[in-house]
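Fold and contact review
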Amino acid sequence: AQSVAQPEDQVNVAEGNPLTVKCTYSVSGNPYLFWYVQYPNRGLQFLLKYITGDNLVKGSYGFEAEFNKSQTSFHLKKPSALVSDSALYFCAVRDYNQGGKLIFGQGTELSVKP
Amino acid sequence: KAGVTQTPRYLIKTRGQQVTLSCSPISGHRSVSWYQQTPGQGLQFLFEYFSETQRNKGNFPGRFSGRQFSNSRSEMNVSTLELGDSALYLCASSSGATNTGELFFGEGSRLTVL
């Protein structure tokens, strides 16, 4: 079965420093990968996706993600973190063995301190 | 363009009751998916509807059901509520044609079962 894993429950970063939220995937075939962000008591907001093409994908709010096929990773990055980036981040993959549903990782809580 | 609208946002029920949640997708979107979010299990796929037909289903008991109307609006129903059904229920829409793109989520309906 297709799956994604987010190895860190929590990531702490100082404002202005670069941030990385890690995601690894396990799929058969070509992966369709996504990142979402969730603020408290809100729904999920789409950040970016990798379907095919350039390994570096740029998304909303200055976020980007690097697709690495050899390491089966899709890490989310931002060069300079903001306090307002503090939220819950989810990596997800389309599972085409099960009708194309979106499979989510467990989420990583990002905390950016001033 | 209006986003995905879910109603009600909050509701409290008691064990044994039933509940109906509503979702209006983004205009023009024909696919609606439902997810359950809990602290312990994370985001779990319930089902997906496309053009009034259930296209995909997750591993939930038959107490969980849904439907989609001709205007793409969707409802999900949970009968004989249990304490463990307390969760944030998220609806997401997409154009659905190729099932490769991102999902757009609503703010969710937070269900508390007492």
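Residues numbered from 1 in each chain as written. Chains lettered and ligands numbered in written order. Predicted model: local features only at pLDDT ≥ 70, side-chain atom pairs only at ≥ 80, totals over all residues. Heavy atoms only, no water.

What to know about empty space enclosed by the protein
The final tally for this structure, using the stated rule, is two cavities of 30 Å³ or more. In this structure, the largest cavity encloses a volume near 40 Å³. In this structure, the largest cavity is lined by Asn41 of chain A together with Arg9, Tyr10, Leu88, Glu107, Gly108 and Arg110 of chain B. Here the lining of the largest cavity is composed, by residue class, of two nonpolar, two polar and three charged. Looking at the second largest cavity, its volume works out to about 30 Å³. Along its surface, the second largest cavity is lined by ten residues, and Arg94, Gly100 and Lys101 of chain A together with Ser33 and Glu48 of chain B are the ones closest to its centre. (1 Å grid on protein atoms, 1.4 Å probe; cavity = no way out; pocket = protein on both sides within 12 Å on 5 of 7 lines; lining within 4 Å. Points joined across faces, edges and corners; volume = space filled by probe spheres on them. Nonpolar A, V, L, I, M, F, W, Y, C, P; charged D, E, K, R; others polar.)

With respect to the nonpolar core
With 27 residues, the main nonpolar core has Leu33, Trp35, Leu47, Leu48, Phe74, Leu76 and Tyr89 of chain A as its most contacted residues. Mapped by element, the contributors of at least two residues to this core are strand 2 (10-14), strand 3 (19-21), strand 5 (33-38), strand 6 (44-50), strand 8 (64-68), strand 9 (73-78), strand 10 (87-95) and strand 12 (108-113) of chain A. It is strand 10 of chain A that provides the largest number of residues to this core, a total of four residues. With residues near it in sequence (within four places) discarded, leucine 47 of chain A still touches Trp35, Tyr36, Val37, Gly59, Ser60, Tyr61, Phe63, Leu76 and Tyr89 of chain A. With 21 residues, the next largest nonpolar core counts Val19, Cys23, Leu46 and Phe60 of chain B among its residues. (Core = buried A, V, L, I, M, F, W, Y, C linked by side-chain atoms within 4.5 Å. Buried < 20%, exposed > 50% of the residue type's maximum accessible area, 1.4 Å probe, protein only. Helix = DSSP H or I, 4+ residues; strand = E, 2+ residues; numbered from the N terminus. Contact = heavy atoms within 4.5 Å.)

Points about the sheet that holds strand 1 (residues 5-7) of chain B
Residues and elements named next belong to chain B. Overall, antiparallel pairing links the four strands, which are arranged 1-3-8-7 in an open sheet. Each edge of the open sheet is held by one strand with a lone partner, namely strand 1 and strand 7 (64-68). Mean inter-strand twist for the sheet, computed between neighbouring axes without regard to direction, equals 15°. Relative to strand 8 (residues 74-78), strand 3 (residues 19-24) runs antiparallel, the two being bridged by five bridges. Bridging from a neighbouring strand, cysteine 23 pairs with serine 74 of strand 8. (Pairing = 2+ DSSP bridges. Axes fitted to C-alpha atoms, helices over the stretch in contact; angles between N-to-C directions.)

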